[in-house]
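Close look at the chain arrangement
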Amino acid sequence: YSNFIDNLRVYVRGGTGGMGYPNLGGEGGRGGDVWFVARERTTLKSIREKYPHKRFVAGTGANSSVKALKGEKGKDREVHVPLGISVLDDDGKQIGELNAAGERFLAARGGLGGSLATNFLPCKGQRRTVHLDLKLIADVGLVGFPNAGKSSLLSKLSHAKPEIANYPFTTIQPELGKIMYADYKQISVADLPGLIEGAHANKGMGHKFLKHVERTKQLLLVVDISGFQLSIKTQFRTAFETILLLTKELELYKEELVTKPAILAINKMDLPCAKDNLDELMTQLENPQDFLHLLEEEMIPANTLEFREVIPISTYTGEGIEELKTCLRKSIDEQAEQVNEEYRKKKLLLLQTSK
């Protein structure tokens, strides 16, 4: 996980103000401010490599003098950060958020310059330690247990080249890929480290995985039609049980995740008995309440995910991949249209009330 950094602790300090000039009542310049500025193609890893001390200090304000009674403001310090950053204080409380390129957050304010009010002595700038917490922003987040075939699916859908092998936890860091369409539309897809039972309690990748699901617009659940077993010491789960367990993990971490639009991809349809297993699964998904008695109570989510589409695929043969691409495009477009419609209604309501 060390190649990918999604949390960085940094020290920020605003510049000290400049000295006042008592004889003529001159004011010193204010100290510079420290700003976080969201910028594309920036990573927390690049910040750490460029600034190993992780200290950002703004410039000192100019002293007041006979030539310039009002001292100049100290130079601001701008720190470029990735999109999708939450700024937390040392107590873990969120104090800012940067989601779009160009957005700015004032991390440390500069101190006032010396003046009559301060006996012409300058004030020190604000200083504090903050945490930069990254949550990946993507249109679609791939959700599934290890070995479900998420990495293989990402490589089929996009030009991403994730590392793929036949053992659990091949993906140990998030991978981002883009699906390109004929009309040049692009949809970003994030393959996130594999969930395991108990991830909500921070087992395995736990919260490192789940926090990245928060900022994806939609979920794409990838499930192995033949079921899943992490190791010989853990219980075997059918495809239906896997779906319920994934839903439960998302729900226990944050209830709102289950309300996101979701599509289900049933992978490994090239395997023997896959067709029979699929028929059984579709029956279970049509009336999930009839089959919940087969599971332990703690495995049952309060709300089941409602899938817009269920698509059988095989990353080995390529079956269903094009259909899935089309389905993702349609779902993302519909969601965007819905958001635009809500925005238009709000604007219209504001105009009517102002009149």
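Every value quoted in this text rests on a predicted model; they were computed, and no experiment measured them.

**Here's the deal with the confidence of the model for the protein**
Scored by pLDDT, the protein comes out at a mean of 87, with 90% of its residues at no less than 70. Of the regions scoring below 50 in pLDDT, residues 164–171 engages in 21 contacts with residues more than four places distant in sequence or in other chains.

**Examining the packing of helix α4 (residues 239–253) against helix α5 (residues 274–286)**
Direction vectors running N to C along α4 and α5 enclose 40°, while the axes themselves pass 9 Å from each other. Accordingly, the angle class assigned to the pair α4 and α5 is oblique. Only Leu281, Gln284 and Leu285 of α5 make contact with α4, whose side of the interface consists of Ala239, Phe240 and Ile243. Each residue belonging to the contact of α4 with α5 can be placed in one class, and the counts come to 5 nonpolar, 1 polar and no charged.

**Re the environment of Gly29**
As for its position among the elements, Gly29 is in the loop between β1 (7–13) and β2 (34–38). When the C-alpha positions of Gly29 and Glu72 are compared, they lie 4.6 Å apart, and in sequence the two are 43 residues distant. Setting aside residues up to four positions removed in sequence, Gly29 forms contacts with Gly17, Gly18, Gly61, Ala62, Gly71, Glu72, Lys73 and Gly113.

**Here's the deal with the pairing of β1**
In this sheet, strand β8 (residues 127–134) lies alongside β1 in antiparallel orientation, the contact comprising 7 bridges. When the sheet's bridge partners are listed, Tyr11 is paired in β8 with Thr129.

**Some remarks on the nonpolar core**
With 58 residues, the main nonpolar core has Phe36 and Leu132 as its most contacted residues. In terms of residue count, α4 provides more of this core than any other element does, 7 residues in total. Split by domain, the residues of this core number at least three in each of domain 1 (7–134) and domain 2 (138–339). If sequence neighbours within four positions are ignored, Leu132 has contacts with Asp6, Asn7, Leu8, Val10, Phe36, Leu44, Val81, Ile85, Ser86 and Val87.

**Considering the pattern of salt bridges**
Taken as a whole and assessed by the stated rule, the structure comprises 23 salt bridges. For the salt bridge of Arg237 with Glu296, the shortest nitrogen-to-oxygen distance reads 4.0 Å. With Arg237 in the loop between β12 (216–224) and α4 and Glu296 in the loop between α5 and β14 (307–312), this residue pair connects regions lying 59 residues apart in the sequence. Since its relative accessible area comes to 4%, Arg237 is described here as buried. Between Arg308 and Glu334 there is a salt bridge, with the nearest N and O atoms lying 3.6 Å from each other.

**Brief notes about the sheet that holds β2**
The mixed open sheet is built from 3 strands, whose spatial order is β4-β2-β7. At either margin of the open sheet sits one strand with a lone partner, and together these are β4 (77–81) and β7 (104–108). Neighbouring strand axes in the sheet, compared pairwise and without regard to direction, differ in orientation by 30° on average. Direction of pairing for β2 relative to β4: parallel, over a ladder of 5 bridges. Counted as the bridge partner of Trp35 is Glu78 from β4.

About the criteria used
- As a convention, each chain's residues are numbered from 1 in the sequence order in which they are written.
- Whole-chain, interface and lining totals are the exception, using all residues; otherwise, since this is a predicted model, local features are given only for residues with pLDDT of at least 70 and side-chain atom pairs are given and counted only at 80 or more.
- Hydrogens and waters are ignored; side-chain quantities use all the structure's heavy atoms.
- One number per residue, pLDDT, summarises how confident the predictor is, and it ranges from 0 to 100.
- Note on contacts: a residue pair is in contact if any heavy atoms of the two residues lie within 4.5 Å.
- A fitted line through C-alpha atoms represents every axis, and for helices the fit uses only the stretch in contact; the resulting angles, taken between N-to-C directions, go from 0 to 180 degrees.
- Secondary structure counts use DSSP, requiring at least four H or I residues in a row for a helix and at least two E residues in a row for a strand, with both numbered from the N terminus.
- Angles are sorted into four bins: roughly parallel if under 35 degrees, roughly antiparallel if over 145, roughly perpendicular if 65 to 115, and oblique for all others.
- Classification used: nonpolar for Ala, Val, Leu, Ile, Met, Phe, Trp, Tyr, Cys and Pro, charged for Asp, Glu, Lys and Arg, polar for all others including Gly.
- Two strands qualify as a pair provided DSSP detects at least 2 bridges between them.
- For the purposes of this section, nonpolar cores are sets of buried Ala, Val, Leu, Ile, Met, Phe, Trp, Tyr and Cys residues that join through side-chain atoms within 4.5 Å.
- Here the term buried applies to any residue with accessible area under 20% of the maximum for its type, exposed to any over 50%, and partly exposed to those in between, with areas from a 1.4 Å probe on protein chains only.
- Annotation comment: domain bounds sourced from an automatic or database domain assignment.
- The term salt bridge refers to a pairing of a side-chain nitrogen on Lys or Arg with a carboxyl oxygen on Asp or Glu at a separation within 4 Å.

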